[in-house]
Amino acid sequence: MTKPNEMTIVEAARALRAREISVRELWDACAAVAAKRNPELNAYLELFPADEAAISTAQKRIDSEGNAAPMLCGIPLAMKDNILIEGKIASAASKMLENYRATYDATVVTKLKDAGALFLGRTNMDEFAMGSSTEHSAFGKTLNPIDTARVPGGSSGGSAAAVAAHLCVAALGTDTGGSIRQPAALCGLVGLKPTYGAVSRSGLIAMGSSLDQAGPLAKCVDDARIIFETIRGRDPLDSTTLSDDLYPARDVSEKVRIGIPRHLLTQGVDADLLVTFDAMLKKIEAEGHSVVDIELPTSSYALAAYYIVMPAEVSTNLARLDGMRYGYSVRGETLLEDYVRARTEGFGAETRRRILLGTFVLSSGYIDAYYHKAEAARAVLRKEYDKAFENVDVIAFPTTPSPAFKFGEKTDDPVAMYLEDVFTITANLTGMPALSVPMGQVKREGKQLPVGIHFTAPHQAENVLFSIGKAVEGSE
Ligand code: GLN
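Residues numbered from 1 in each chain as written. Predicted model: local features only at pLDDT ≥ 70, side-chain atom pairs only at ≥ 80, totals over all residues. Heavy atoms only, no water.

Asks: A description of the overall build of the protein should follow, citing residues and the corresponding values.
Replies: Within the protein, the regular secondary structure consists of 15 helices and 11 strands. C-alpha extents for the protein along the principal axes are approximately 65 × 55 × 50 Å. The buried share among the 476 residues of the protein stands at 60%. Taking as baseline every contact in the protein between residues at least 6 positions apart, the subset at least 24 positions apart corresponds to 75%. (Helix = DSSP H or I, 4+ residues; strand = E, 2+ residues; numbered from the N terminus. Buried < 20%, exposed > 50% of the residue type's maximum accessible area, 1.4 Å probe, protein only. Contact = heavy atoms within 4.5 Å.)

Asks: Report on the site of the ligand, specifying residues and quantitative values.
Replies: In the vicinity of the ligand there are 16 residues, among which Thr 176, Gly 177, Ser 179, Tyr 306 and Arg 354 approach most closely. One of the side-chain nitrogen or oxygen atoms of Ser 132 is found 2.8 Å away from a nitrogen atom of the ligand. Residue Tyr 306 places a side-chain N or O atom 2.7 Å away from an oxygen atom belonging to the ligand. Here the shell around the ligand is built from residues that sort into 6 nonpolar, 7 polar and 3 charged. (Near = heavy atom within 4 Å. Polar contact = N/O pair within 3.5 Å; in protein donor to acceptor, adjacent residues only side chain to side chain. Nonpolar A, V, L, I, M, F, W, Y, C, P; charged D, E, K, R; others polar.)

Asks: Quick rundown of unusual backbone geometry? Include the residues and the values.
Replies: Of note, the amide linkage connecting Gly 154 to Ser 155 takes the cis form, showing an omega dihedral of 10°. Here Glu 445, not a glycine, exhibits a phi torsion of approximately 50°, which is positive. What makes Glu 445 exposed here is its relative accessible area of 64%.

Asks: Which residues make up the packing of helix H8 (residues 271-286) against helix H15 (residues 462-475), and what values do they have?
Replies: The contact between H8 and H15 brings their axes to 10 Å, and the two run at 105°. Viewed along their axes, H8 and H15 adopt a mutual orientation that is roughly perpendicular. Touching Met 280, Lys 283 and Ile 284 of H8 are Ile 468, Ala 471, Val 472 and Ser 475, all from H15. Among the residues forming the contact of H8 with H15, the class breakdown is 5 nonpolar, 1 polar and 1 charged. (Axes fitted to C-alpha atoms, helices over the stretch in contact; angles between N-to-C directions. Parallel < 35°, antiparallel > 145°, perpendicular 65-115°, else oblique.)

Asks: Tell me about the pattern of salt bridges, and name the residues and values.
Replies: Tallying each qualifying case throughout the model produces 30 salt bridges. A salt bridge links Arg 444 to Asp 270; the nearest nitrogen and oxygen atoms lie 2.9 Å apart. Of this pair, Arg 444 sits in strand E10 (residues 434-444) while Asp 270 is found in the loop between strand E7 (257-260) and H8, placing the two residues 174 residues apart along the sequence. A salt bridge links Arg 331 to Asp 338; the shortest N-O distance between them is 3.8 Å. Among the residues examined, Asp 338 registers a relative accessible area of 8% and is labelled buried. Residues joined by salt bridges that share partners form a network here, namely Asp 147, Arg 150, Lys 406, Glu 445 and Lys 447. (Salt bridge = Lys/Arg side-chain N within 4 Å of Asp/Glu carboxyl O.)

Asks: Please set out the nonpolar core residue by residue, giving values where relevant.
Replies: In this structure, Val 108, Phe 128 and Phe 455 are the most contacted members of the largest nonpolar core, which totals 150 residues. Of all the elements, helix H9 (residues 302-317) adds the most residues to this core, at 10 residues. (Core = buried A, V, L, I, M, F, W, Y, C linked by side-chain atoms within 4.5 Å.)

Asks: Please set out the UniProt feature "active site" (unreviewed entry) in the protein residue by residue, giving values where relevant.
Replies: In the numbering adopted here, UniProt assigns the feature "active site" (unreviewed entry) to Lys 80, Ser 155 and Ser 179. A maximum C-alpha distance of 10.9 Å is found for the annotated residues, which run over 100 residues; spatially they form one tight group. Here Lys 80 is to be found in strand E2 (residues 76-80). Dropping the residues within four chain positions of it, Lys 80 is found in contact with Thr 123, Met 125, Ala 129, Ser 155, Ser 156, Ser 159, Leu 172, Gly 173, Thr 174 and Ser 179. The topology assignment puts Ser 155 in the loop between strand E3 (118-123) and helix H5 (157-164). Non-local contacts of Ser 155, meaning those with residues more than four positions away in its chain, are made with Lys 80, Asn 124, Met 125, Asp 126, Ala 129, Met 130, Gly 131, Thr 134 and Ser 179. (UniProt positions renumbered as here; feature names shortened; annotations may be inferred.)

Asks: Go over the packing of aromatic side chains, please, and point to the residues and values.
Replies: Enumeration according to the criterion identifies 9 aromatic pairs in this entry. Consider the rings of Tyr 306 and Tyr 307, whose centres lie 4.8 Å apart with planes at 85°: the pair is edge-to-face. Pairing Tyr 307 with Tyr 418 gives two aromatic rings, centres 3.9 Å apart and planes at 15°, and the pair type is stacked. Note that Tyr 307 is positioned in helix H9 and Tyr 418 in helix H13 (residues 414-418), a separation of 111 residues in sequence. The exposure class of Tyr 418 is buried, given its relative accessible area of 11%. (Phe/Tyr/Trp six-rings, centres within 6.5 Å; stacked < 30°, edge-to-face > 60°.)

In structure tokens form, the structure reads like this:
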């Protein structure tokens, strides 16, 4: 039998119902491996003690409801450190919020608790979700369990490492420009960024409010779907959430038409990664799905637009963290010094860089030249994607240009780090759902490293993503 902590949600739910394992045994298996391996990997910033009441309630529910109990009942999950769990610290991996204890549950947490899920701990991340390697955490780096000399990706790198090393069954991350999908790809997992508004943002520590979504990092497509279905839905606490009945049911048995923007793949993508990508397309085609070339000319401006819109929103969202209203507090000689010291000492270098950039692009005199232009580019991008979706069901490219990179490789060159996001950010700018699924491995220095294939679908077409994701899974 697979070790309990190595099971998928689907496998664990079945084993729990068949009484092959108990909720307690599943929790203990995850907690024991987490306690053993976390000192090395630093996937978790904190491991929570067992919640005996929640464990026994989940067991009773499975005993009495059997198959009618939610799939997540009794399943131990890891939570990114920017998602509020009442009574627990949520620091967003920042010194600024090191001691901040949440006073309420994020809506996603409420929904997971209602389904009977358990929480193993909070996971490491780039500070305030800014980064692609988890190296920007104020609390040390997280190692990629597949090759510990390499980054797990970011910003949800702790969640990805925790799932990949089986220190939990699945995890939640957040994605503003790729932070679920890119670490999923680099750790060999499935990652979903839902349609903007599909999942409530209430109780997430905001990065870019028009871009952020929470979503699953999981061992398989079915697990990602189960978590998505549990956490999604209209929420009175987040006015940007979509109405439940707007959500169209898609026929997932249909063959999928896949659009490939070849012109975007010519530069910067590792040659062997492209070979793996084409081989995967061939396999999916052999199953009856069709592949066509498409053009997305404005996509080449997406990265630039993102690195204007996102810092603008970051600078606004983080303004409240001033050591007076919220966060790390120090006193200087004057009021101004209080603010300057709190924000200089409380925030790391990357966070300060983005606040400065955001303040600049929003300042009078520059707002038209930068912020409004980027917003305009965003509108064009969305139109271009809508148009492409008249002829195809999904758009595919590799999730990242390369496999996991080594520690320190990109920390001195912010633009090199930003280029990690070149394929993932458009889904956030357009609000469309996107899924990364493992598509194979490429070899670096004698090690096989996982790489992912990325699909974008029209708004609210997550079902199509799950369908094509399963086709990839079946042919890997
Ligand atoms: N890597 C991207 C960035 O640094 C995306 C971050 C995210 O999705 N939270 O902004």
